[in-house]
Amino acid sequence: MSGPGTEASRHARAAEEMLELLEELAAFSAPGEGITRLLYTPEWSRAQSFLKERMETLGLSAYADGVGNVFGRLPGTEEDGRVILTGSHIDTVVSGGRYDGAYGVASGIAALAHLRRTYGPPRRTLEAVSFAEEEGSRFPLTFWGSGHVAGRYAGPEAAAVSDASGIALKHAMEDCGFGGYSPGSLKRSDIAAYIELHIEQGITLERTGTEIGIVTAIAGQRRYEVRLTGSANHAGTTPMGLRRDGLAGAAEMLAHLEHCALEAGDPLVATAGRLDVKPNTSNVIPGEVSFSLDIRHSDEAELERFCAAVAADFGQIAARRGLGLELIPRLRAQPAPMDAPLCASIEAVCGRQGRPSRRMVSGAGHDAQLLAPRCRAAMIFVPSRDGISHSPLEHTPPEELAAGLDVLIGLLYELAYC
Ligand SMILES: NC(=O)N[C@H](N)C(=O)O
Ligand SMILES: [Zn+2]
Ligand SMILES: [Zn+2]
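Residues numbered from 1 in each chain as written. Chains lettered and ligands numbered in written order. Predicted model: local features only at pLDDT ≥ 70, side-chain atom pairs only at ≥ 80, totals over all residues. Heavy atoms only, no water.

Enquirer: Which parts of the structure should I look at to understand the UniProt feature "binding site: allantoate" (unreviewed entry) in the protein chain?
Expert: Residues annotated in UniProt with the feature "binding site: allantoate" (unreviewed entry) correspond here to Arg223, Asn283 and Arg296. Maximum C-alpha separation among the annotated residues is 36.7 Å over a sequence range of 74 residues, too wide for a single clustered spot. Along the chain, the position of Arg223 falls in strand β7 (residues 220-229). Each residue touching Arg223, except ones within four places of it in the same chain, is listed here: Glu135, Gly136, Thr142, Leu293, Asp294, Arg296, Ile328, Pro329, Arg330 and Leu331. A polar contact of 3.4 Å, which involves the side chain of Arg223, links it to the side chain of Asp294. One can find Asn283 in the loop between β10 (275-278) and β11 (284-285). Not counting the four nearest positions on each side in its chain, Asn283 is found in contact with Asn233, His234 and Ala235. (UniProt positions renumbered as here; feature names shortened; annotations may be inferred. Helix = DSSP H or I, 4+ residues; strand = E, 2+ residues; numbered from the N terminus. Contact = heavy atoms within 4.5 Å. Polar contact = N/O pair within 3.5 Å; in protein donor to acceptor, adjacent residues only side chain to side chain.)

Enquirer: Can you help me understand the domain arrangement of the protein chain in this one?
Expert: It is common to give the size of an interface as the accessible area lost on bringing the parts into contact. One can read the domain layout of the protein chain as domain 1 (12-218 + 336-417) and domain 2 (220-333). For domain 1 versus domain 2, the distance between C-alpha centres works out to 33 Å. In this complex, domain 1 contributes 13 residues to the contact, which on the side of domain 2 involves nine residues. Taking both partners together, domain 1 and domain 2 bury about 740 Å²; carbon and sulfur atoms supply 44% of that area. If you sort the residues of domain 1 by the area they bury against domain 2, Pro140, Thr142 and Arg152 come out on top, with a joint share of 42%. Connecting domain 1 to domain 2 are zero salt bridges. For the side of domain 1 that touches domain 2, a count of residues per class yields six nonpolar, five polar and two charged. (Domains from an automatic or database assignment. Buried area = accessible area lost by both parts, 1.4 Å probe. Salt bridge = Lys/Arg side-chain N within 4 Å of Asp/Glu carboxyl O. Nonpolar A, V, L, I, M, F, W, Y, C, P; charged D, E, K, R; others polar.)

Enquirer: For this particular structure, what's the right way to read the coordination of the zinc ion (ligand 2)?
Expert: Metal coordination angles in their ideal form are 109.5 degrees for the four-donor tetrahedron and 90 or 180 degrees for the six-donor octahedron. Protein coordination at the zinc ion (ligand 2) comes from Asp100 (OD), Glu135 (OE), Glu135 (OE) and His390 (NE2), with a distance range of 1.9 to 2.6 Å. When the donors of the zinc ion (ligand 2) are listed by position in the chain, the intervening gaps give D-x34-E-x254-H. The metal-metal distance between the zinc ion (ligand 2) and the zinc ion (ligand 3) comes to 3.8 Å, with Asp100 coordinating both. Here the residue Asp100 occupies a position in the loop between β3 (83-89) and α3 (102-119), and Glu135 occupies one in the loop between β4 (125-131) and α4 (146-149), the gap between them amounting to 35 residues. Relative accessible area serves as the criterion here: at 7%, Asp100 is assigned to the buried category. Looking at Glu135, the relative accessible area reads 8%, which means it is buried. (Donors = N, O, S within 2.8 Å, 3.2 Å for Na, K, Ca; no water. Buried < 20%, exposed > 50% of the residue type's maximum accessible area, 1.4 Å probe, protein only.)

Enquirer: Just to check I follow, could you spell out empty space enclosed by the protein for this structure?
Expert: With a probe scaled to a water molecule rolled over the atoms, the places where space remains empty come into view. Going through the model one piece at a time under the given rule, you end up with one cavity of 30 Å³ or more. Taken together, Leu38, Leu39, Asp91, Thr92, Glu133, Ser137, Arg138 and Phe139 make up the full set of residues lining the largest cavity. Of the residues belonging to the lining of the largest cavity, the class tally is three nonpolar, two polar and three charged. (1 Å grid on protein atoms, 1.4 Å probe; cavity = no way out; pocket = protein on both sides within 12 Å on 5 of 7 lines; lining within 4 Å. Points joined across faces, edges and corners; volume = space filled by probe spheres on them.)

Enquirer: Looking at this structure, I do not really get the environment of Leu371. What am I missing?
Expert: Within the element layout of this structure, Leu371 appears in helix α11 (residues 367-371). Of the residues examined, Leu371 reaches a relative accessible area of 1% and is grouped as buried. In sequence terms Leu371 and Glu394 are 23 residues apart; their C-alpha atoms lie 26 Å from each other.

Enquirer: Would you take a moment to explain the coordination of the zinc ion (ligand 3) for this structure?
Expert: Of the protein atoms, only His89 (NE2), Asp100 (OD) and His198 (NE2) coordinate the zinc ion (ligand 3), at distances of 2.0 to 2.1 Å. On the primary sequence, the residues serving as donors to the zinc ion (ligand 3) are separated as H-x10-D-x97-H. The class for His89 is buried, based on a relative accessible area of 1%.

Enquirer: Which parts of the structure should I look at to understand the site of ligand 1?
Expert: In the vicinity of ligand 1, the contacting residues are Asp100, Glu134, Glu135, His198, Gln201, Arg223, Arg296, Ala364, Gly365, His366 and His390. In the model, a nitrogen atom of ligand 1 is placed 2.5 Å from a nitrogen or oxygen of the Glu135 side chain. A distance of 2.8 Å is found between an oxygen atom of ligand 1 and a backbone nitrogen or oxygen belonging to Gly365. Protein contacts shield 95% of the accessible area of ligand 1, which totals 270 Å² for the unbound molecule. A per-class count over the shell around ligand 1 returns one nonpolar, five polar and five charged. (Near = heavy atom within 4 Å. Areas by Shrake-Rupley, 256 points an atom, 1.4 Å probe, with all protein chains shown as cover.)

Enquirer: Would you mind going over the UniProt feature "binding site: Zn(2+) 2" (unreviewed entry) in the protein chain with me for this structure?
Expert: Feature annotation in UniProt assigns "binding site: Zn(2+) 2" (unreviewed entry) to the following positions: Asp100, Glu135 and His390. Spanning 291 residues, the named residues nonetheless gather at one spot, since no C-alpha pair among them exceeds 10.1 Å. Apart from the residues lying within four places of it in its own chain, the contact partners of Asp100 are His89, Asp91, Glu135, His198, Ile199, Gln201, Ser389, His390 and Glu394. At 2.9 Å, the side chain of Asp100 forms a polar contact with the side chain of His198. Within the secondary structure, His390 sits in the loop between β16 (376-382) and α12 (398-417). In this structure His390 touches Val93, Ser95, Gly96, Asp100, Glu135 and Gln201, once residues within four positions along its chain are discounted. Only 3.3 Å separates the side chain of His390 from the side chain of Glu135, close enough to count as a polar contact.

Written out as structure tokens, the structure reads:
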């Protein structure tokens, strides 16, 4: 057998390239703890330009689309207009780690550079991608990169949402050189398969001593913004029975949410990660409160049922307290099964490379979730130390990162060269 699956040592240079890219990417961050690289900020922009240049240097033909997704193309000799795409996202959460997203981006580029160097042009066209945005960290929407490739965004979103300092997404785009934004033209119908390599962001692989996770499905997600309107008033002169306290209402809702989620049990999870209180002063009853809701389950019907019940209960709590309630949907991502034959191929590559693997469901959302309804999609996971992610403490040792890259190279070889 002469494919790369049997000779992981051949990939040593690719692993070095991937690790170097990760190191270099870590320098593109806003000041502060960990890595903060939010959509359309100067550090984001510099990181995408850097990747585009590096793709060119490594022999890929690089281009960016109208929202700032960056692609590096390795044309196939049997050009049939179809593309095998690999990569992940470049944006981070605030004070995130070095690996979430960046690992898949760096690995995709290093894998294609390795395949070109070792085997020449592929039979089928390969592309590496650095998606513009996945996390929803700056603007209240997510998957801004892969969502456009999947044809999920129609246009009005850019004018409708703003970041925490009131900058409209549309203006942030213009300032970053994406003024001619036309969402319809960004949808791709030429992608045959999408492969994403990512850190697990959980503790299963580490606990079970497994090198590689093969994702069988990605859990569905709903995100909402909950806005409560009460009445701001004097903390000393307003009797308890006459208050319309937005924060007390939010507290009751969140305690109820946790109770319902515990009762529903695994794999349902519900989180309110952001709370905004106005005027946020110790001697004023909070008149306006908003908080985020993030609810996930791998079964669409269960997810839908839970969200509907929570919305009804919040309505009752708000009415009893005389509070105005708005529940604004921010994300609706359905559970996404990964492509079964691709999962089997990854398993076979792991077997050939002698790497222990296991199948698993991803509780975290990924770009692969958006692409799965449009093409064959698969994900490869490597362990996260202590299961920590979305934190500066996020870590995976270099040899475990290199193992994931080996599997990615093995799979891409099979898909594009055989
Ligand atoms: N993999 C991730 O961290 N993805 C998402 N942003 C999420 O699950 O919230
Ligand atoms: Zn993330
Ligand atoms: Zn990620």
